[in-house]
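Now for the letters of each chain:
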Amino acid sequence: MIRQPIVCVLGHVDHGKTTLLDKIRQTAVTAKEAGGITQAIGATEIPIDVIKKICGPLLEKLKIDVTIPGLLFIDTPGHEAFTSLRKRGGSCADLAILVIDINEGFKAQTDESLDFLKEFKTPFLVVANKIDRISGWIQNKDKSFFESFSKQPEWVRERLDELLYKVVGQLSERGFDSERIDRVSDFKKNVAIVPCSGMTGEGIPEVLMILTGLAQQFLQKKLETTKGVGRGSVLEVKELKGHGATIDVVLYDGEIRKGDWLVIGGKKPVVTKIRSLLKPPAMKELRIQKQFETIGCVHAAAGIKISAPGLDKAIAGSPIAAVRNEGDVEKIKEELQKSVEEVEFEVSGEGVILKADTLGSLEALIHILKKKNIPIKKAEVGNVLRKDILSLEAVKDPLKKTIIAFNVSIDEIARKEAKDRGLKIIESPIIYKLIEDYEEFVSEQIKKMREEKLSSITRPAIIKLLPGMTFHVSNPAIVGVEVVEGTIKSGYSLKRGEKEIGKIKAIQAEGSSVVEAKKGEKVAVSIDGPTVGRHIRENDELTTVLSKVDMKILQELDLRDEIKLANKIMGLEQTETQ
């Protein structure tokens, strides 16, 4: 038996993911979303007869016998809930649509989406959305792209091709060969790009045609379902009036029946008995809570809401399995536990702590951090708690005393504890922002640590006493100097040749006290120790006194110019001694 392919929609925020799906199913989901950006996960079945009706004669052009029963769309928010569809060895999603605003091209979350598709090895097509916003575009509501394109003025067609080939170029830079759908010669080698408008419906027939064709031609074996154990992934856990805690599940294999034993994977697997199965009718979407039908059995692929005791302990992204016999529960528990343990882990030693909302997003984060050679101490699903803060205490490296939290809450006690202990929590609902913020934090910390180390040492410098600029002969000597090389600060000891002659008490520039003076600056310095005319004279060159520790820190910080100057000063001292 062949099931519907599971289709995911990904892309940058505001590039039109929900609007695109909304146009297909003709419901008012987008209008109910906060700010037009999807806030929850949904699944919508599009039966094959609806697809045929929308595509019209386009499907006939494929010259294939369509046997799939339809398409099951997962509506993925900008937070990349695609990761909730994780299953062992990849993703539950059979196909994906990468939505790109043709007028804007690639954005940060487009790249993030592409990384996820590569990570989970999911075949995809690109929808070049918002063609209706191209200057001069004449709208042809609900028509195929080709029909609408043929009615556009020549200059508008040329503009579309210009924008399209920018996207082709951006995909090429990222390692993908792509072309407009009518120019693709081999769908196995080229990513198909469908120009489209989620607002007017132009291009929607081609989107459904390509998805149907790809599934029919290349995914036949993957779409074959087995009878027996129902396998799926938890999309969302939420309360439903009259049912208590329920889970939204995507079923990708087998079947689930009312009364089955349900096992939900996790460190502590949840085992419960299914009380009821709730399924929206076709062309409705799982988040719209009206019109749920109670059914006795469901076959893959489907979006299904399950009501059962103890579901409040379930986590989005967890694998689920449903079995008829209680005797099979232990075996399934072990299998699902292994799947979770492959992602969640704890190692001793130096590294950051990762917390994420789903197993899939955790897996993606681990992959990204490993690529960037950032060591991980612990990675798990769930909110940031006080125990996470305490476990960072053993980490010695200040750059690793960090919790990276994706789309989870921070317990208030944990937040206060982190602040009191000077530990960093980096939080965001967007993965690329998390990584950016962590890299920025590391950069700032390194700069701060360098500055702290530099402020603790004497840096190499050569100053020259200016003629006619002696303001006080001794106790302290106050003289005008030019910084010939390096940097001087109050507290630095000075030498004339090899002989130490005193310490800088203060520095003034244009009548005001300053902390330091750099190369080329002319300042007045007060020096405790020497007497002008006896120990130092006008036109003398004085150098800072450097210790072995100062030299060692300069080398640690790889300050090559200052190391060179320090060696020059040492050479000067040797020359004077001789």
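Check the entry above for the structure.
Read on for an overview of the structure. (Residues numbered from 1 in each chain as written. Predicted model: local features only at pLDDT ≥ 70, side-chain atom pairs only at ≥ 80, totals over all residues. Heavy atoms only, no water.)

### Focus: the pairing of strand β21 (residues 352-356)
Most of β21 sits out of view: five of its five residues are buried. Here β21 shows a buried face lined by Val-352, Leu-354 and Ala-356 and a second buried face lined by Ile-353 and Lys-355. Relative to strand β22 (residues 376-381), β21 runs parallel, the two sharing five bridges. Following the sheet pairing, Ala-356 is matched in β22 by Val-381. With helix α10 (residues 359-371) bridging β21 and the parallel β22, this β-α-β connection has right-handed handedness. Pairing of β21 with strand β23 (residues 402-406) involves four bridges; the strand directions are parallel. (Buried < 20%, exposed > 50% of the residue type's maximum accessible area, 1.4 Å probe, protein only. Helix = DSSP H or I, 4+ residues; strand = E, 2+ residues; numbered from the N terminus. Pairing = 2+ DSSP bridges. Right-handed = clockwise from strand over helix to strand, strands pointing away.)

### Quick word on the pairing of strand β14 (residues 270-273)
Side-chain alternation along β14 places Val-270 and Thr-272 on a buried face and Val-271 and Lys-273 on a face that remains uncovered. Strand direction decides the pairing type here: strand β13 (residues 261-264) and β14, joined by four bridges, are antiparallel. By the bridge assignment, Ile-264 is partnered in β14 with Val-270. What sits between the antiparallel neighbours β13 and β14 is a turn of five residues.

### Section: the layout of surface pockets
If you add up the space inside the second largest pocket, you get close to 350 Å³. Lining the second largest pocket are 19 residues, with Pro-123, Phe-124, Phe-187, Lys-188 and Asn-190 positioned closest to its centre. Those elements that place two or more of their residues in the lining of the second largest pocket are α5 (108-119), β7 (124-129), β9 (191-195) and α8 (204-218). Of the residues assigned to the lining of the second largest pocket, the class counts are 12 nonpolar, two polar and five charged. (1 Å grid on protein atoms, 1.4 Å probe; cavity = no way out; pocket = protein on both sides within 12 Å on 5 of 7 lines; lining within 4 Å. Points joined across faces, edges and corners; volume = space filled by probe spheres on them. Nonpolar A, V, L, I, M, F, W, Y, C, P; charged D, E, K, R; others polar.)

### Considerations on the sheet that holds strand β10 (residues 230-240)
The strand order across the open sheet built from eight strands is β14-β13-β19-β10-β11-β18-β15-β16, with neighbouring strands paired in antiparallel fashion. Two strands bound the open sheet, and with one partner strand each, they are β14 and β16 (293-295). With direction set aside, neighbouring strand axes in the sheet form an average angle of 35 degrees. Two strands pair when backbone bridges link them, and strand β15 (residues 276-279) and β16 are joined in this way by three bridges, in the antiparallel orientation. Residue pairing in the sheet places Lys-279 in a bridge with Glu-293 of β16. Across the sheet, helix α9 (residues 329-341) is in contact with β10, β13, β14 and β19 (319-323); its angle to β19 comes to roughly 170 degrees. (Axes fitted to C-alpha atoms, helices over the stretch in contact; angles between N-to-C directions. Contact = heavy atoms within 4.5 Å.)

### Concerning the packing of aromatic side chains
Summed over all chains, the structure comprises four aromatic pairs. Ring centres of Phe-124 and Phe-176 lie 5.3 Å apart, and the angle between their planes is 75 degrees; this geometry places the pair in the edge-to-face category. In this pair, Phe-124 sits in strand β7 while Phe-176 sits in the loop between α7 (154-173) and β8 (178-180), placing the two residues 52 residues apart along the sequence. Comparing Phe-124 with Phe-176, the two get one shared label, buried. Every member of this aromatic cluster is reached through a ring pair, and the members are Phe-145, Phe-146 and Phe-149. Arg-174 extends its terminal NZ or CZ atom over the ring of Phe-106, reaching a point 4.1 Å from the ring centre. One cation-aromatic arrangement involves Arg-180 over Phe-149; the distance from NZ or CZ to the ring centre is 4.8 Å. (Phe/Tyr/Trp six-rings, centres within 6.5 Å; stacked < 30°, edge-to-face > 60°. Lys NZ or Arg CZ within 6 Å of the ring centre and 35° of its normal.)

### Re helix α3 (residues 48-55)
When α3 is considered as a whole, its buried residues turn out to be Ile-48, Ile-51 and Cys-55. Axial view of α3: buried residues confined to an arc of 55 degrees, hence all on one face. Exposed residues on α3 whose side chains face more than 90 degrees from its buried face are Asp-49 and Lys-53. Of the residues trailing α3, Gly-56 is marked for its positive phi of about 60 degrees. (Arc of directions from axis to C-beta.)

### A short note on the pattern of salt bridges
As enumerated under the stated definition, the model contains 42 salt bridges in all. For Arg-174, the salt bridge identified is with Asp-111, shortest N-O distance 2.5 Å. Separated by 63 residues along the polypeptide, Arg-174 in the loop between α7 and β8 and Asp-111 in helix α5 bring together distant segments of the chain. Across the salt bridge formed by Lys-378 and Glu-380, the nearest N and O atoms sit 4.0 Å from each other. One salt-bridge network, held together by shared partners, links Lys-355, Lys-378, Glu-380, Lys-387 and Asp-388. (Salt bridge = Lys/Arg side-chain N within 4 Å of Asp/Glu carboxyl O.)

### Focus: the nonpolar core
One finds Leu-98, Ile-102, Phe-124, Val-126, Ile-134, Leu-160 and Ile-193 to be the most contacted residues of the largest nonpolar core, which totals 37 residues. Looking at which element gives the most residues to this core, the answer is α7, with seven residues. In this structure Val-126 touches Leu-98, Ile-100, Leu-171, Val-191, Ala-192, Ile-193 and Val-194, once residues within four positions along its chain are discounted. (Core = buried A, V, L, I, M, F, W, Y, C linked by side-chain atoms within 4.5 Å.)

### Some details on the packing of α10 against helix α13 (residues 431-455)
The geometry of α10 relative to α13 is characterised by a closest axis approach of 11 Å and an angle of 40 degrees between their N-to-C directions. In this structure, α10 crosses over α13, and the sense of that crossing is right-handed. Residues Ser-361, Ala-364, Leu-365, Ile-368 and Leu-369 of α10 form the contact with α13, whose own contacting residues are Ile-431, Leu-434 and Ile-435. (Left-handed = near helix turned anticlockwise from the far one by under 90°.)

### Let's talk about α13
Between its first and last C-alpha, α13 extends 36 Å over 25 residues, near the 36 Å set by a 1.5 Å rise per residue. Every buried residue belonging to α13 is among Ile-431, Leu-434, Ile-435, Tyr-438, Phe-441, Val-442, Gln-445 and Leu-454, and all of these are buried. Looking at the packing, one finds that the buried side of α13 touches α5, β21, α10, β23 and β24 (424-428). (Expected span 1.5 Å × (residues − 1).)

Purely geometric numbers; function is a separate question.
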